[in-house]
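Chain by chain, the residues:
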Amino acid sequence: MDQIRIRGGRPLSGEIAISGAKNAALPLMAAALLTERRLVLSNVPQLADIHTMASLLGQHGLAVEKLAEGGRVLSLGGAVTSTEAPYDIVRKMRASVLVLGPLLARTGQARVSLPGGCAIGTRPVDMHLKGLEQMGAEIQLEAGYINARVRGRLRGASILLPVPSVGATENLLMAACLADGQTAIANAAREPEIGDLAACLRAMGARIEGVGSERLVVEGVSRLGGAEHAIIPDRIETGTYACAAAITGGTVRLRGGRLGHLGALARTLAEAGVEITEEGDALLVRRLNGLHGADVMTEPYPGFPTDMQAQFMALMAVAEGAAMVTETIFENRFMHVPELNRMGARINVHGASAIVRGVRSLSGAPVMATDLRASVSLVLAALAARGETVVSRVYHLDRGYERVEEKLAGCGAEIARSHD
């Protein structure tokens with residue numbers, strides 16, 4: 001099993017290229033199930049989750065081809081020969097459930113294993129299923145599988161989501177594109193990744209209104225065509241490397257990063273003493289006069305993203321004063337706290353909130369990653385710590401960050417991967 005060794009204390013300086021957004025790429029790949037024509041995606045990140053989704057789509061019969069060196073351009077499409085998404089693939093990645101809506105809309109049936117992914121909370125798929133039932137699907141849960149069927153075509157419906165779930169919004173949006181009549185999704189999620197999915201679906205011939213708002217309206221069409229689409233830059237990777245620059249006291253240029261996609265994260269970093277300025281096609285990030293404690297509460301976009309909570313907590317661990325970090329999205333997302341405390345952080349958890357009292361410096365230590373974002377928070381802490389830190393179980397990291405050691409080393413970090 002791989003480990004990452006980091007010797008901290010070096011301010012980062014240089015440029016990091018931001019990869020395509022994983023959380024946009026996965027639903028875009030699933031959208032290929034909606035058409036027999038070719039969907040060509042560019043700016044595809046090279047991540048374990050992308051390979052998992054490619055394997056799943058291959059299981060359904062789609063041809064997934066790399067059209068450029070490094071696999072950054074993918075061509076997907078073809079006939080659906082299987083409507084089953086098996087456990088041995090789906091268990092690796094929660095986003096696998098995004099094939100449910102497209103399969104049901106295109107073929108009238110789907111058998112999808114209940115999903116896996118990081119152990120950060122329950123994340124039920126109830127909203128996906130109830131929305132599809134409102135559109136006429138018959139759904140049964142049996143032996144760990146979702147068995148879904150529709151007589152004829154899905155029907156348009158008015159759907160009110162209890163909370164703005166990203167996955168449910170994406171699944172229902174894709175299904176609605178091939179439904180009979182009009183579908184309205186109220187309390188829809190507004191993340192940039194959903195806007196990216198809608199832009200691609202429109203290029204394929206879908207009729208979607210209200211993108212970026214809390215209400216999406218879709219007028220179903222009989223069929224969708226092919227398209228070419230460039231995936232947006234990863235806003236979570238952008239935020240992560242912004243924290244890396246800040247925690248080390250360095251200056252980093254994030255090529256491809258978009259300030260408009262950061263939402264509350266940009267405002268919170270500014271409050272903590274981190275300056276982010278637009279510079280051409282990049283963002284320039286630097287720490288001003290020290291780091292200051294800032295309170296955050298995770299919320300749906302454009303609020304502070306739950307996927308940045310662990311990284312921001314690492315930053316607050318070396319800030320002046322105290323910060324309160326409240327997690328409202330996932331109930332098990334403080335698993336990085338004991339590991340940060342092993343490095344000398346002073347963090348106390350009280351229910352859904354963590355009090356972070358900043359310390360002058362952290363110390364290198366052997367630590368273990370528990371999930372995707374927790375793993376990178378330990379890398380950030382190690383960059384600022386005295387001495388050497390060894391982060392184990394970094395396979396979590398490979399699910400969401402492309403060439404992290406190479407990107408950080410290019411800015412002066414002393415970081416290397418080794419095999420345990």
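Values in this document were obtained by computation on a predicted structure and should not be read as measured data.

### Looking at the overall build of the chain
(1) Moving on: If you tally the helices and strands in the chain, you get 13 helices and 24 strands.
(2) Moving on: Taking 2.2 N^0.38 as the reference for a compact globule, 420 residues should give roughly 22 Å; the C-alpha atoms of the chain span a radius of gyration of 21 Å, in line with that estimate.
(3) Moving on: Judged by the C-alpha coordinates and their principal axes, the chain covers about 65 × 45 × 45 Å.
(4) Moving on: Within the chain, the proportion of its 420 residues that are buried is 57%.
(5) Moving on: Partitioning the intrachain contacts of the chain with sequence separation of at least 6 by distance along the chain shows that 74% fall at a separation of at least 24.
(6) Moving on: A total of about 15,900 Å² of accessible surface is found on the chain, and carbon and sulfur atoms cover 47% of it.
(7) Moving on: Each charge sign in the chain was given a centre, from 43 positive and 43 negative side chains, and these centres are 1 Å apart.

### Topic: helix α2 (residues 48–59)
Along an α-helix, residues three or four apart share an orientation, since each turn contains 3.6 residues.
(1) Moving on: With 12 residues, α2 should reach 16 Å at 1.5 Å per residue; the first-to-last C-alpha distance of 17 Å fits that figure.
(2) Moving on: Turning to α2, its buried residues number three or more, namely Asp49, Ile50, Thr52, Met53, Leu56 and Leu57. End-on view of α2: buried residues confined to an arc of 160°, all on one side of the axis.
(3) Moving on: On its buried face, α2 sits against α1 (22–30), β4 (63–66), β5 (73–77), β6 (84–85) and α3 (87–90).
(4) Moving on: Positive backbone phi, at 110°, marks Gly61, one or two positions downstream of α2.

### What to know about the sheet that holds β4
(1) Moving on: Judged by pairing direction, the sheet is mixed, and its four strands sit side by side in the order β4-β5-β3-β14 without closing on themselves. What marks the edges here is a single partner per strand, and that holds for β4 and β14 (227–230). On average, each strand axis in the sheet is tilted by 20° relative to the strand beside it, whichever way the strands run.
(2) Moving on: Inspection of the sheet shows strand β3 (residues 39–42) paired to β5 by four bridges, in the antiparallel sense. In the strand pairing of β5, Leu39 is matched with Leu76.
(3) Moving on: Set on the sheet, α1 makes contact with β3, β5 and β14; between it and β3 the angle comes to about 170°.

### Description of the environment of Met324
(1) Moving on: Along the chain, Met324 falls in strand β19 (residues 322–326).
(2) Moving on: Each C-alpha atom of the pair Met324 and Val90 lies 35 Å from the other, and the pair is 234 residues apart in sequence.
(3) Moving on: Not counting residues up to four positions away in its chain, the partners in contact with Met324 are Ala294, Asp295, Val296, Ser353, Ala354 and Ile355.

### Topic: the nonpolar core
(1) Moving on: Ranked by size, the top nonpolar core spans 76 residues in total, and within it Val99, Leu132, Met135, Leu154, Leu173 and Leu201 carry the most contacts.
(2) Moving on: Considering each element in turn, this core owes the most residues, seven residues, to helix α6 (residues 166–177).
(3) Moving on: Every residue in contact with Leu132, bar those within four places of it in the chain, is listed here: Leu100, Gly101, Leu104, Ala137, Ile139, Leu154, Leu172 and Ala175.
(4) Moving on: Residues Ile4, Phe334, Val356 and Val376 belong to the second largest nonpolar core, which totals 72 residues.

### Examining the sheet that holds strand β20 (residues 346–350)
Paired through their backbone hydrogen bonds, the strands of a sheet run either parallel or antiparallel.
(1) Moving on: Taken in spatial order, the four strands make up an open sheet running β18-β19-β21-β20, and their pairing is mixed. Strands with a single pairing partner mark the edges of an open sheet, and in this sheet they are β18 (296–297) and β20.
(2) Moving on: When β18 meets β19, the two strands line up parallel, connected through two bridges. In the sheet register, Met297 faces β19, and the bridge partner there is Thr326.

### Considering the packing of helix α4 (residues 100–107) against α6
(1) Moving on: At their nearest, the axes of α4 and α6 sit 7 Å apart, and the two run at 15° to each other. Put simply, α4 runs roughly parallel to α6. For the pair α4 and α6, the sense of crossing is right-handed. Contact residues: α4 offers Leu100, Gly101, Pro102 and Ala105, while α6 offers Asn171, Met174 and Ala175.
(2) Moving on: Class assignment of the residues belonging to the contact of α4 with α6 gives a composition of five nonpolar, two polar and no charged.

### Some details on α6
(1) Moving on: Its 12 residues give α6 an end-to-end C-alpha distance of 17 Å, which sits within 8% of 16 Å, the value for a rise of 1.5 Å per residue.
(2) Moving on: The element α6 is extensively covered by neighbouring structure, given that 10 of its 12 residues are classed as buried.
(3) Moving on: Where α6 is concerned, the buried positions are Ala168, Thr169, Glu170, Asn171, Leu172, Leu173, Met174, Ala175, Ala176 and Cys177.

### A word on the side chain of Glu170
(1) Moving on: Take Glu170: it is sitting in helix α6.
(2) Moving on: Of the side chains with opposite charge, Arg235 comes closest to the buried, unpaired Glu170, at an N-O distance of 8.5 Å.
(3) Moving on: Not counting residues within four places of it along the chain, the set of residues in contact with Glu170 comprises Asn23, Pro27, Leu98, Glu193, Ile194 and Leu197.

What counts and how
Residues numbered from 1 in each chain as written. Predicted model: local features only at pLDDT ≥ 70, side-chain atom pairs only at ≥ 80, totals over all residues. Heavy atoms only, no water. Helix = DSSP H or I, 4+ residues; strand = E, 2+ residues; numbered from the N terminus. Rg over C-alpha atoms; globule rule 2.2 N^0.38 Å. Buried < 20%, exposed > 50% of the residue type's maximum accessible area, 1.4 Å probe, protein only. Contact = heavy atoms within 4.5 Å. Areas by Shrake-Rupley, 256 points an atom, 1.4 Å probe, with all protein chains shown as cover. Lys, Arg positive; Asp, Glu negative; His and termini not counted. Charge placed at Lys NZ, Arg CZ, Asp CG, Glu CD. Expected span 1.5 Å × (residues − 1). Arc of directions from axis to C-beta. Pairing = 2+ DSSP bridges. Axes fitted to C-alpha atoms, helices over the stretch in contact; angles between N-to-C directions. Core = buried A, V, L, I, M, F, W, Y, C linked by side-chain atoms within 4.5 Å. Parallel < 35°, antiparallel > 145°, perpendicular 65-115°, else oblique. Left-handed = near helix turned anticlockwise from the far one by under 90°. Nonpolar A, V, L, I, M, F, W, Y, C, P; charged D, E, K, R; others polar. Salt bridge = Lys/Arg side-chain N within 4 Å of Asp/Glu carboxyl O.

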